[in-house]
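Report on the structure
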Amino acid sequence: MKSIKKKQHLTILVVPISAVGHITACKGALSSLLSRGHRIVFFIEEAFKGKLASAGYEEFTYDRLSEVEDGKKEEKGSETLPNSSSDHMAEWLLDCKIIGDFTAEEKLRSLNDILHSEENYRDNAVVDKWLKVAISQLQPDLFYVDNINLHPAIYFNPRSAPFILNISLVPNYFVFSRQVPPAESGLMKEKWEVDKVL
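Conventions and cut-offs
- Residues numbered from 1 in each chain as written.
- Predicted model: local features only at pLDDT ≥ 70, side-chain atom pairs only at ≥ 80, totals over all residues.
- Heavy atoms only, no water.
- Buried < 20%, exposed > 50% of the residue type's maximum accessible area, 1.4 Å probe, protein only.
- Helix = DSSP H or I, 4+ residues; strand = E, 2+ residues; numbered from the N terminus.
- Pairing = 2+ DSSP bridges.
- Phe/Tyr/Trp six-rings, centres within 6.5 Å; stacked < 30°, edge-to-face > 60°.
- Right-handed = clockwise from strand over helix to strand, strands pointing away.
- Expected span 1.5 Å × (residues − 1).
- Bend = angle between axes of the 7 residues up to and from the residue.

Of all the five residues making up strand S6 (residues 142-146), five are buried; the element is thus mostly covered by neighbouring parts of the structure. Burial of the side chains of S6 extends over both faces: Leu142, Tyr144 and Asp146 are buried on one face and Phe143 and Val145 on the other. The pairing of strand S1 (residues 11-16) with S6 spans five bridges and is classified as parallel. Note on S6: the bridge partner recorded for valine 14 is tyrosine 144. Strand direction decides the pairing type here: S6 and strand S7 (residues 163-166), joined by four bridges, are parallel. Opposite phenylalanine 143, over in S7, you have phenylalanine 163 as the bridge partner.

This is the structure:
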């Protein structure tokens with residue numbers, strides 16, 4: 001990756017997890033850069049359209065339920081994954097046994113099933129296509145990513161713009177040790193017995 005050339009004002013493309021808390025965390029983390037005159041553009045779903053503009057941020061909105069080919073929108077027609085409004089997201093997390101009164105094993109199995117589902121892979125591919133459009137149009141100097149995954153469109157961006165990978169989610173996502181309970185398991189370290197759960 002190239003380093004950022006000395007430039008008075010950068011264009012920073014923010015790519016958060018599509019949920020209120022993660023977008024809010026990014027907004028707070030980048031407010032000082034915005035106040036210094038940098039152009040901050042959020043890559044967000046249409047459900048969040050207009051929520052950041054009043055604070056001075058720009059928005060590049062996309063629709064996960066639509067494919068994009070040559071910059072043109074085509075309806076995809078799938079609604080397996082949640083839309084991003086907080087009510088629907090919370091309901092979806094409960095239905096999928098990621099939050100709520102479920103055992104650690106139930107949560108881990110459910111999260112694993114979702115993350116490795118064909119629907120999730122297809123969804124990420126659609127988002128990646130939209131991200132390529134955003135990169136082409138905005139020509140960012142820097143990416144600020146709040147996610148456990150780095151989209152290929154960012155990693156292989158044609159400008160080789162650097163990225164900051166942040167996580168406002170459970171920190172365990174970045175700890176790869178049998179001594180620490182898995183992210184989203186709900187287990188505390190003292191109750192973590194690796195061989196019982198996995």
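Moving on, we come to the packing of aromatic side chains. Counted according to the given criterion, the structure contains four aromatic pairs. For the pair phenylalanine 42 and tyrosine 57, a centre-to-centre distance of 5.2 Å together with 85° between the ring planes defines the contact as edge-to-face. Separated by 15 residues along the polypeptide, phenylalanine 42 in strand S2 (residues 39-45) and tyrosine 57 in the loop between S2 and strand S3 (58-62) bring together distant segments of the chain. Of the two residues examined, phenylalanine 42 and tyrosine 57, each falls in the buried class. Between phenylalanine 43 and tyrosine 62 the ring centres are 4.4 Å apart and the planes differ by 15°, which places this aromatic pair in the stacked class.

Moving on: the pairing of S2. The two faces of the sheet receive side chains in turn, since in a regular strand these alternate between them. Taking burial as the measure, the seven residues of S2 include six buried ones, the bulk of the element. Pairing analysis gives four bridges linking S1 to S2, with the strands arranged parallel. Directly across from isoleucine 12, in S2, lies its bridge partner isoleucine 40. Considered for its hand, the β-α-β crossover made up of S1, helix H1 (residues 20-35) and S2 is right-handed. For S2 and S3, the ladder comprises five bridges, and the chain directions are parallel. Bridge pairing in S3 links valine 41 to glutamate 58.

The end-to-end C-alpha distance of H1, which contains 16 residues, comes to 22 Å, matching closely the 22 Å that a straight helix rising 1.5 Å per residue would cover. The sharpest bend along H1 reaches about 40° and sits at alanine 29. The set of residues buried in H1 consists of His22, Ile23, Cys26, Leu30 and Leu34. Positive phi shows up at glycine 37, right after H1, with a value of about 95°.

Just geometry here; none of it tells us what the structure is for.
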